[in-house]
Amino acid sequence: MNTTKNIFDYLRPHIAALKPYSSARDEFSGSEGIFLDANENPYQNSEKALNRYPDPLQKQLKAQIAILKACKAEQIFLGNGSDEAIDLLIRAFCEPQKDSILITPPTYGMYRVSADIHQIHIAHAPLAPETFEIEPEDLLIKAKASKAKIVFLCSPNNPTGNCPLTLQQIAYIAQKLDALLVIDEAYADFALMPSAIKLLEEHENLLVLQTFSKAWGLAALRLGMAFANPKLIAILNKIKPPYNINALTQQYAQKALAAIENKDKQVSEIKQRRAYLAEALRQKSNVVKVFDSEANFLLVRVDDADAVYQKMLAHKIILRNRSRELHCENCLRITIGTEQEVEMLLRCW
Ligand SMILES: *Cc1c(COP(=O)(O)O)cnc(C)c1O
């Protein structure tokens, strides 16, 4: 147990002192009775009975997720997409115009956008060119120099597709870092590397993000998960909008979790197709490099990214042009689609 760090020391003082809104459903959370406490309409107007407010802490859904992830329900926060958790973390820990976060470009764009919205400085510890790896000591030096309050690492990383650190390196960084360490595992289901969730017991300053948007195929649902020690989860619960996860989302996610074999089957098909597409693209004369991927997409360096992008667009195939990102000159990011979609891509290439 790392006893030198106390997560509350990093918190903005007014958030530490904040008395949260207490909703009617917080004060009484039983499911039986005559509910005259929340000014709801007593009539069930649809077959889904949407007249009642949803569970503000999503207890049933979290119980299911806790079993799947081998953690405690108190270690889980659910947000309206992972993006809500990213936003709440910045709001809880970073003082506008004063504090910094540290990111590792090229990486997911929302860390910067969220920081910009809150006027938080952004320090950079770029990934190594070509390998897209992170050197732990370099990261620690830059985190210290920038006095970053939060370090965001993405593993597997978007848009490069690789895992920039081993689990041991993540544990080492969490141990040494005097800040909150966020590991964004949006693509974890497609990777060989185990989740950093197993490090949570030992590191109070660690938080792991996952989502229902990618492997679970539920991007439209808007449901993101954050895993951390219960004290940190309690901070997020304190500042979130009281009913941030609607009742339909909670029910639908529970159904998806109960049919996990569907997700597993699709993930395994996507991984096989990822290997197939990588090999097929390596045969193309205008492909310079297909980077190894642990996610559901490939980063591909071509001779002229703008030209290939436009050519595919003419065939109504839309790729993500990442050529203007650091270390991604002439790179396109290609999501692994269905078998037919992948064949069409290869035929039009
Ligand atoms: C897609 C993605 C997410 C998912 O965000 P949601 O808000 O949960 O849809 C999070 N992080 C990364 C790196 C992503 O690529």
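None of the values given here were measured: they were computed from a predicted structure. (Residues numbered from 1 in each chain as written. Predicted model: local features only at pLDDT ≥ 70, side-chain atom pairs only at ≥ 80, totals over all residues. Heavy atoms only, no water.)

## Description of the packing of helix 3 (residues 59-69) against helix 9 (residues 247-258)
Each packed pair of helices is defined by two parameters, the angle between the axes and the distance between the axes. The criterion, for reference: Note on method: axes are straight lines fitted to C-alpha atoms, helices fitted across the in-contact stretch only, with angles between N-to-C directions ranging 0 to 180 degrees. Numbered from the N terminus, helices here are DSSP runs of H or I no shorter than four residues, and strands are runs of E no shorter than two. Note that the term roughly parallel is reserved for angles under 35 degrees, roughly antiparallel for angles over 145, roughly perpendicular for angles of 65 to 115, and oblique for everything else. Note on convention: near helix rotated counterclockwise from far helix by under a right angle means a left-handed crossing. Clockwise means right-handed. Contacts are residue-level and defined by heavy atoms, with any inter-residue pair within 4.5 Å sufficient.
At a minimum axis separation of 9 Å, helix 3 and helix 9 run at an interaxial angle of 30 degrees. Viewed along their axes, helix 3 and helix 9 adopt a mutual orientation that is roughly parallel. Handedness of the crossing formed by helix 3 with helix 9: left-handed. Between helix 3, through Gln60, Leu61, Gln64, Ile65 and Leu68, and helix 9, the contact on the second element is made entirely by Gln250, Ala253, Gln254, Leu257 and Ala258.

## Topic: the layout of surface pockets
In plain terms, the rule: A cavity here means a set of 1 Å grid points, computed over protein atoms only, where a 1.4 Å probe fits but cannot escape. A pocket is an open set with protein on both sides within 12 Å along at least 5 of 7 lines, and lining residues have an atom within 4 Å of a point. Grid points are joined across faces, edges and corners, and a volume is the space filled by probe spheres set on the points.
Taken as a whole, the largest pocket encloses approximately 700 Å³ of empty space. Taken together, 23 residues make up the lining of the largest pocket; nearest its centre are Ser31, Tyr53, Pro54, Asp55 and Gln60. Of all the secondary-structure elements, those providing two or more residues to the lining of the largest pocket are helix 3 and helix 9. The dominant element in the lining of the largest pocket, judged by the number of residues it contributes, is helix 9, at 4 residues.

## Re empty space enclosed by the protein
The condition that has to hold: Residues are sorted three ways: Asp, Glu, Lys and Arg are charged, Ala, Val, Leu, Ile, Met, Phe, Trp, Tyr, Cys and Pro are nonpolar, and all the rest, Gly among them, are polar.
The tally for this structure, following the rule as stated, stands at 1 cavity of 30 Å³ or more. The computed volume of the largest cavity comes to approximately 50 Å³. Lining the largest cavity are Ser155, Pro156, Cys163, Glu185, Ala188, Ala191, Met193, Pro194 and Ser195. Among the residues forming the lining of the largest cavity, the class breakdown is 6 nonpolar, 2 polar and 1 charged.

## Quick word on helix 10 (residues 260-282)
The condition is simple: Multiplying one less than the number of residues by 1.5 Å gives the expected span of a helix. Burial status follows relative accessibility: with a 1.4 Å probe on protein chains alone, a residue under 20% of its type maximum counts as buried, one over 50% as exposed, and anything between as partly exposed.
An ideal rise of 1.5 Å per residue puts 33 Å on 23 residues; helix 10 measures up with 33 Å between its terminal C-alpha atoms. Those residues of helix 10 not exposed but buried are Lys263, Val267, Ile270, Arg273, Arg274, Leu277, Ala278, Ala280 and Leu281. Contacts made by the buried residues of helix 10 are with strand 8 (287-290), strand 9 (297-302), strand 11 (331-335) and helix 12 (339-348).

## Digging into the sheet that holds strand 4 (residues 150-154)
Across a sheet, strands are paired by hydrogen bonds formed along the backbone, either parallel or antiparallel in direction. How we decide: Strand pairing requires that DSSP identify at least two bridges connecting the strands.
As summarised here, the arrangement of the 7 strands in space is 1-7-6-5-4-2-3, forming an open sheet in which the pairing is mixed. In the strand order of this sheet, the two ends are held by strand 1 (76-79) and strand 3 (121-124), each with one partner. Averaged over all pairs of adjacent strands, the angle between their axes in this sheet comes to 25 degrees, without regard to strand direction. On the sheet, helix 8 (residues 230-239) packs against strand 1, strand 5 (180-184), strand 6 (206-211) and strand 7 (224-228) and is oriented at approximately 140 degrees with respect to strand 7.

## Looking at the sheet that holds strand 9
Taken together, the 4 strands give an open sheet; going across it, the order is 8-9-11-10, and neighbouring strands pair in antiparallel fashion. The sheet is open, and its two borders are formed by strand 8 and strand 10 (320-321), each paired with just one other strand. Across 5 bridges, the pairing between strand 9 and strand 11 is antiparallel. What sits directly across from Arg301, in strand 11, is Cys331.

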